[in-house]
Amino acid sequence: MSLRLDWGKLGFKYMPTKCHIRSTWRGGRWSRPELSKKDELTLSIAATCLHYGQACFEGLKAFKDKDGRIRIFRPGENLKRMNSTADFLHCPRIPEDLYFDALMKVVRENADYVPPYGTGGSLYIRPLLIGSGPTIGVSPSEEYTLLILVIPVGPYYKGGMKGVKSVILDGHDRTAPMGTGHVKVAGNYAAGLHPSIKAKKMGFPIVLYLDSKTRKYIDEFGTSNFIAVDRKGAYVTPDSSTILPSITNKSLITIAKDMGVKVERRPVRLAELSKFVEVGACGTAVVITPVETIKYNDREWHFPNSDKGLLKSLHDRLVGIQFGEVEDKFGWLMDCPVKKRP
Ligand code: PLP
Ligand code: COI
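Because the structure is predicted, anything quoted here is derived from the model rather than measured.

## What about the overall build of the chain?
Each helix and strand in the chain was counted, giving six helices and 18 strands. In summary, the chain has a C-alpha radius of gyration of 20 Å against a globular reference of 20 Å for 342 residues, a match within 12%. A principal-axis box enclosing the C-alpha atoms of the chain has dimensions of 55 × 55 × 35 Å. Considering only contacts in the chain between residues 6 or more positions apart, those separated by 24 or more positions represent 72%. Here the chain has roughly 16,600 Å² of accessible surface; of this, 54% comes from carbon and sulfur atoms. Once the 51 positive and 36 negative side-chain charges of the chain are each reduced to a mean point, those two points are 2 Å apart.

## Overview of the site of ligand 2
Looking at ligand 2, the residues that line it are Phe12, Phe57, Gly59, Tyr124, Arg126, Tyr156, Lys184, Thr223, Thr284 and Ala285. Tyrosine 124 is positioned with one of its side-chain polar atoms (N or O) 2.5 Å from an oxygen atom of ligand 2. One nitrogen or oxygen atom from the main chain of alanine 285 is found 2.8 Å from an oxygen atom belonging to ligand 2. For ligand 2, whose free accessible area comes to 280 Å², the fraction covered by protein is 91%. For ligand 2, the cavity whose grid points lie within 2 Å of the majority of its atoms is the largest pocket. Classifying every residue of the shell around ligand 2 gives five nonpolar, three polar and two charged. Summarising the domain contributions, the shell around ligand 2 has at least three residues from each of domain 1 (7–153) and domain 2 (164–322).

## Thoughts on the site of ligand 1
Among the 17 residues in the neighbourhood of ligand 1, the closest are listed as Tyr189, Glu220, Ser246, Thr248 and Thr284. Residue glutamate 220 places a side-chain N or O atom 2.6 Å away from a nitrogen atom belonging to ligand 1. Between ligand 1 and the protein, one listed contact pairs an oxygen atom with a side-chain N or O atom of threonine 284 at 2.6 Å. Burial of ligand 1 by the protein chains amounts to 96% of its free accessible area of 380 Å². For ligand 1, the cavity whose grid points lie within 2 Å of the majority of its atoms is the largest pocket. Of all the secondary-structure elements, those providing two or more residues to the shell around ligand 1 are strand 11 (218–221), helix 5 (247–258) and strand 15 (276–283).

## Looking at the environment of glutamate 264
Secondary-structure assignment places glutamate 264 in strand 14 (residues 263–266). You can call glutamate 264 buried: its relative accessible area is 17%. Each C-alpha atom, one on glutamate 264 and one on isoleucine 253, is 9.2 Å from the other, the two residues being 11 residues apart in sequence. Not counting chain neighbours up to four residues away, the residues in contact with glutamate 264 comprise Asp230, Ala234, Tyr235, Val236 and Thr237.

## Some thoughts on the environment of valine 107
Turning to its location among the elements, valine 107 is positioned in helix 3 (residues 96–109). Among the residues examined, valine 107 registers a relative accessible area of 0% and is labelled buried. For the pair valine 107 and cysteine 19, spaced 88 residues apart in sequence, the C-alpha separation works out to 9.4 Å. Beyond its immediate chain neighbours, meaning those up to four positions away, valine 107 contacts Ala62, Ile70, Ile72, Leu123, Ile125 and Cys336.

## Quick look at the layout of surface pockets
In this structure, the largest pocket occupies an estimated 960 Å³ of space. Around the largest pocket, the lining comprises 44 residues; the ones closest to its centre are Arg126, Tyr156, Tyr189, Gly222 and Thr223. Contributions of two or more residues to the lining of the largest pocket are made by strand 7 (122–131), strand 8 (143–153), helix 4 (186–201), strand 10 (206–210), strand 11, helix 5 and strand 15. No other element matches the 10 residues that helix 4 contributes to the lining of the largest pocket. Among the residues forming the lining of the largest pocket, the class breakdown is 24 nonpolar, 12 polar and eight charged. The two domains that each donate at least three residues to the lining of the largest pocket are domain 1 (7–153) and domain 2 (164–322). Lining the second largest pocket are 25 residues, and of these Gly120, Gly154, Pro155, Val287 and His315 sit closest to its centre.

Procedures and definitions
- Residues numbered from 1 in each chain as written.
- Chains lettered and ligands numbered in written order.
- Predicted model: local features only at pLDDT ≥ 70, side-chain atom pairs only at ≥ 80, totals over all residues.
- Heavy atoms only, no water.
- Helix = DSSP H or I, 4+ residues; strand = E, 2+ residues; numbered from the N terminus.
- Rg over C-alpha atoms; globule rule 2.2 N^0.38 Å.
- Contact = heavy atoms within 4.5 Å.
- Areas by Shrake-Rupley, 256 points an atom, 1.4 Å probe, with all protein chains shown as cover.
- Lys, Arg positive; Asp, Glu negative; His and termini not counted.
- Charge placed at Lys NZ, Arg CZ, Asp CG, Glu CD.
- Near = heavy atom within 4 Å.
- Polar contact = N/O pair within 3.5 Å; in protein donor to acceptor, adjacent residues only side chain to side chain.
- 1 Å grid on protein atoms, 1.4 Å probe; cavity = no way out; pocket = protein on both sides within 12 Å on 5 of 7 lines; lining within 4 Å.
- Sits in = over half its atoms within 2 Å of the grid points.
- Nonpolar A, V, L, I, M, F, W, Y, C, P; charged D, E, K, R; others polar.
- Domains from an automatic or database assignment.
- Buried < 20%, exposed > 50% of the residue type's maximum accessible area, 1.4 Å probe, protein only.
- Points joined across faces, edges and corners; volume = space filled by probe spheres on them.

Now the structure itself:
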């Protein structure tokens, strides 16, 4: 089947695809993952995900290379992070064999939705784990649903590699010290909705958060990690217990070190913004999106991100690996073989 999608114009929007996959946990056991063509869920009105936010999720991508092969980028890293979020929210862990089996099946079934090589698009994979059983006193659910849905996507921010404007808002924190910032819980994103809408109305597509304890250090963006290049050419990224450990950032650090670039993962003071020549947002959805300005009250910092800069080289090398144009020397891609139809 060839789908009539305008692959080159995909943004980051939900659309129904052929199917998703689902498994239920009850009494200590996971059911066999089953594919479902209906993109709806029937849920108890007292499910803990609805009332008490027992919801964890992940984001990863599958890519088509020039020979049409489908490969998934570092899926094991997402499982590790999903299980650390599950531990935090008192959800059951997802067994490795169940996860990989479900992941391969759902991607294979939706092979026609993986954007063709050369369009720049990819298949975004969203695993979701929720407390789906009824509990009205505040306690963990006795039933859980794992589902994995997929959608074809293009750039998260309009303009892609052109750069976005960012703002730091007083009066809004994303997470608390010793709170939920280091795990991927749905509630973190609910807390970011109001500031994100406020920022967009002011003309800033992306919010940068400071550490909520002292407001002197940079934490991360609402959708992604903060990365920067200083005047000496070092790759600088915050070390903070309240940010999400990004798999993209981890990969970029590996690539940067491999290129002989000095990497500094350390607390980054807000005042250091004036020392950076490049700033970017990195994550699965945003890849590396250059940040051209950051505004904070009456101050504004500008970053002359250029096509010849380090962030562009890192971006090209990462994306090159993902689309099979550059050797996968770190072994990050997992093949997802699809049987050819007769
Ligand atoms: N930080 C936040 C708040 C995110 O939502 C994401 C996206 O998942 C990231 C960072 C980047 O993480 P990753 O590179 O694993 O997608
Ligand atoms: C991702 O990059 O996978 C995320 O979950 C970020 C989200 C804002 C789309």
